[in-house]
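As a plain string of letters, each chain reads:
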Amino acid sequence: MNFVQLEYFVAICENSSVSKAAEKLFITQSALSQQLIRLEKELGTQLFNRYTNSITLTASGELFLESARTMLFEYNNVRSMITNDDKQLTIVVTKTKSFITLSYLLSRFASQYPQINIKIREVDSYQVEETLHHGEGDLGFCYNADDNGLVYHIVGEERILLAVSPNHPVYERLSSDGIYQIIPFEQIADAPFIVGTSGYLREYTQALFRAHHHPLHTALETANPALLHLLVAANIGCGFVGEISTWLSPNRIPPARYCLLAGEEDKKMTIALAHHRRRHITPAMRLFIEYAKEYLGSGVLIP
């Protein structure tokens, strides 16, 4: 058994497919299959149930996956400590929200530190912490700071805004130039709302309506925060968003307009960069954390 085989095994698990894993690993499917067969022979057990169009982990495979990830994490961590690599940095982002944040940070950071090779790992919103736990990234953008084995570096804050659809009665009274008016909860209480399938803003929306003892009319749920802006613009409903995500605007349809709620003006979300508690902090990681603190904290990235 070797670490390459462990990496191949984990890649197959993540993609639920030998062919997709081979494509991402830039090797042939037959070569990957041979490595898997050798690993199973050495372990003396079958790791996958193989079907015509899919594969699933066996009970032995489930157990081995946890161990494989632990071994890979320790190996990569030790290798990082020995080399003290200041030229490689893997950042874990969600496919929407934190990808937008990183987009504004990346160009300036890359020009300032051209020697650092940055890789981006895109995951679903609920997978950032999980990916860092598995040692499959150096730093990840998080919007909470739960103590779950990760270390969080608060790098900034963003205001929570209400995105209002063009057909809502208060829409015409709202500014479209980045100046946010404050409206009372009662004016939007009966509007249909678009909420996330998970995450901080979903919990915030639900808690807000509970605090006002008012039922929440959920028009739609989405796992894509960037899509929420388009759904609001398309008159599906209203929804809460982070200020940074408003920098992207829809085309060809009237955009949503944004405001603050009375009593909620000071409510903000923290933006944190997290890493595994036992992860060796490389110079590249430290540089990016300090850079993000400086630029997100100062607000100079806002267009």
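Everything in this summary refers to the structure shown in the same document. A quick note: this is a predicted structure, and the numbers were derived from the prediction, not measured.

## Digging into the overall build of the chain
Turning to step 1, where the next piece is worked out: Summing up its helical and strand segments, the chain has nine helices and twelve strands in all.
Turning to step 2, where the next piece is worked out: Counting only C-alpha atoms, the chain reaches 70 × 45 × 35 Å along its principal axes.
Turning to step 3, where the next piece is worked out: Within the chain, contacts between residues at least 6 apart in sequence are counted, and of these 73% link residues at least 24 apart.
Turning to step 4, where the next piece is worked out: Summed over its atoms, the accessible surface of the chain is roughly 15,500 Å², and 52% of this surface lies on carbon and sulfur atoms.

## Concerning the side chain of Thr-101
Turning to step 1, where the next piece is worked out: Relative to the helices and strands, Thr-101 is located in helix 5 (residues 97–112).
Turning to step 2, where the next piece is worked out: A relative accessible area of 2% means that Thr-101 is categorised as buried.
Turning to step 3, where the next piece is worked out: If we skip the residues at most four places from it in the chain, Thr-101 touches Phe-141, Tyr-143, Ile-244 and Leu-296.

## Thoughts on the environment of Ser-175
Turning to step 1, where the next piece is worked out: As for its placement among the helices and strands, Ser-175 is situated in the loop between strand 6 (150–164) and strand 7 (182–183).
Turning to step 2, where the next piece is worked out: For the pair Ser-175 and Tyr-258, spaced 83 residues apart in sequence, the C-alpha separation works out to 7.6 Å.
Turning to step 3, where the next piece is worked out: Those residues in contact with Ser-175 that sit more than four places away from it in its chain are Gln-181 and Arg-257.

## What about the environment of Ser-165?
Turning to step 1, where the next piece is worked out: Relative to the helices and strands, Ser-165 resides in the loop between strand 6 and strand 7.
Turning to step 2, where the next piece is worked out: Here Ser-165 falls in the buried class, since its relative accessible area comes to 3%.
Turning to step 3, where the next piece is worked out: Beyond its immediate chain neighbours, meaning those up to four positions away, Ser-165 contacts Tyr-171, Val-232, Asn-235, Gly-237 and Cys-238.

## Overview of helix 2 (residues 18–25)
Turning to step 1, where the next piece is worked out: Restricting attention to buried positions, one finds in helix 2 the residues Val-18, Ala-21 and Ala-22. For helix 2, the buried positions fall inside an angular range of 100° around the axis, keeping them on one side. Turned more than 90 degrees away from the buried face of helix 2, the exposed residues are Lys-20, Glu-23 and Lys-24.
Turning to step 2, where the next piece is worked out: On the buried face of helix 2, the contacting elements are helix 1 (3–15), helix 3 (29–43) and strand 2 (55–57).
Turning to step 3, where the next piece is worked out: Phe-26 sits one or two residues past helix 2 and shows a positive phi near 60°.

## A few points about the pattern of salt bridges
Turning to step 1, where the next piece is worked out: Counted according to the given criterion, the structure contains ten salt bridges.
Turning to step 2, where the next piece is worked out: Note that Glu-40 is salt-bridged to Arg-50, the shortest N-O span being 2.9 Å. Here Glu-40 is found in helix 3, whereas its partner Arg-50 is found in strand 1 (residues 48–50), with ten residues between them in sequence.
Turning to step 3, where the next piece is worked out: You can call Glu-40 buried: its relative accessible area is 10%.
Turning to step 4, where the next piece is worked out: Note on Arg-50: relative accessible area 42%, which makes it partly exposed.
Turning to step 5, where the next piece is worked out: The shortest N-O distance in the salt bridge between Arg-279 and Asp-138 comes to 2.3 Å. Within this pair, whereas Arg-279 is found in the loop between strand 12 (268–276) and helix 9 (283–298), its partner Asp-138 is found in the loop between helix 6 (128–133) and strand 5 (139–142), the two being separated by 141 residues in sequence. In this pair, the class of Arg-279 matches that of Asp-138, namely buried.
Turning to step 6, where the next piece is worked out: Ionic contacts of the salt-bridge type, sharing partners, join the residues Glu-14, Arg-69, Arg-121 and Glu-136 into one network.

## Quick word on the nonpolar core
Most often, soluble globular proteins have nonpolar side chains that are buried together.
Turning to step 1, where the next piece is worked out: Within the largest apolar cluster, 25 residues are counted, with the highest numbers of intra-cluster contacts made by Leu-89, Leu-105, Phe-141, Leu-273 and Phe-288.
Turning to step 2, where the next piece is worked out: When residues of this core are traced back to their parent elements, those giving at least two are strand 3 (88–94), helix 5, strand 5, strand 12 and helix 9.
Turning to step 3, where the next piece is worked out: Among the elements that take part in this core, helix 9 stands out by supplying eight residues, more than any other.
Turning to step 4, where the next piece is worked out: Counting residues in each nonpolar core, the second largest holds 22 residues, with Leu-174, Phe-185, Cys-259 and Leu-261 among its members.

## What about the packing of aromatic side chains?
Turning to step 1, where the next piece is worked out: Under the definition given, this model contains 14 aromatic pairs.
Turning to step 2, where the next piece is worked out: Geometrically, the ring pair formed by Phe-9 and Phe-48 is tilted, given 5.6 Å between the ring centres and 55° between the ring planes. Separated by 39 residues along the polypeptide, Phe-9 in helix 1 and Phe-48 in strand 1 bring together distant segments of the chain. The burial state of Phe-9 is the same as that of Phe-48; both residues are buried.
Turning to step 3, where the next piece is worked out: Their ring planes at 70° and their centres at 5.0 Å tell us that Phe-185 and Phe-209 sit as a pair that is edge-to-face. Of this pair, Phe-185 sits in the loop between strand 7 and strand 8 (193–196) while Phe-209 sits in helix 7 (residues 200–211); the two residues are 24 residues apart in sequence, bridging distant segments of the chain. Across the pair, Phe-209 and Phe-185 agree in class, each one buried.

Thresholds applied
- Residues numbered from 1 in each chain as written.
- Predicted model: local features only at pLDDT ≥ 70, side-chain atom pairs only at ≥ 80, totals over all residues.
- Heavy atoms only, no water.
- Helix = DSSP H or I, 4+ residues; strand = E, 2+ residues; numbered from the N terminus.
- Contact = heavy atoms within 4.5 Å.
- Areas by Shrake-Rupley, 256 points an atom, 1.4 Å probe, with all protein chains shown as cover.
- Buried < 20%, exposed > 50% of the residue type's maximum accessible area, 1.4 Å probe, protein only.
- Arc of directions from axis to C-beta.
- Salt bridge = Lys/Arg side-chain N within 4 Å of Asp/Glu carboxyl O.
- Core = buried A, V, L, I, M, F, W, Y, C linked by side-chain atoms within 4.5 Å.
- Phe/Tyr/Trp six-rings, centres within 6.5 Å; stacked < 30°, edge-to-face > 60°.

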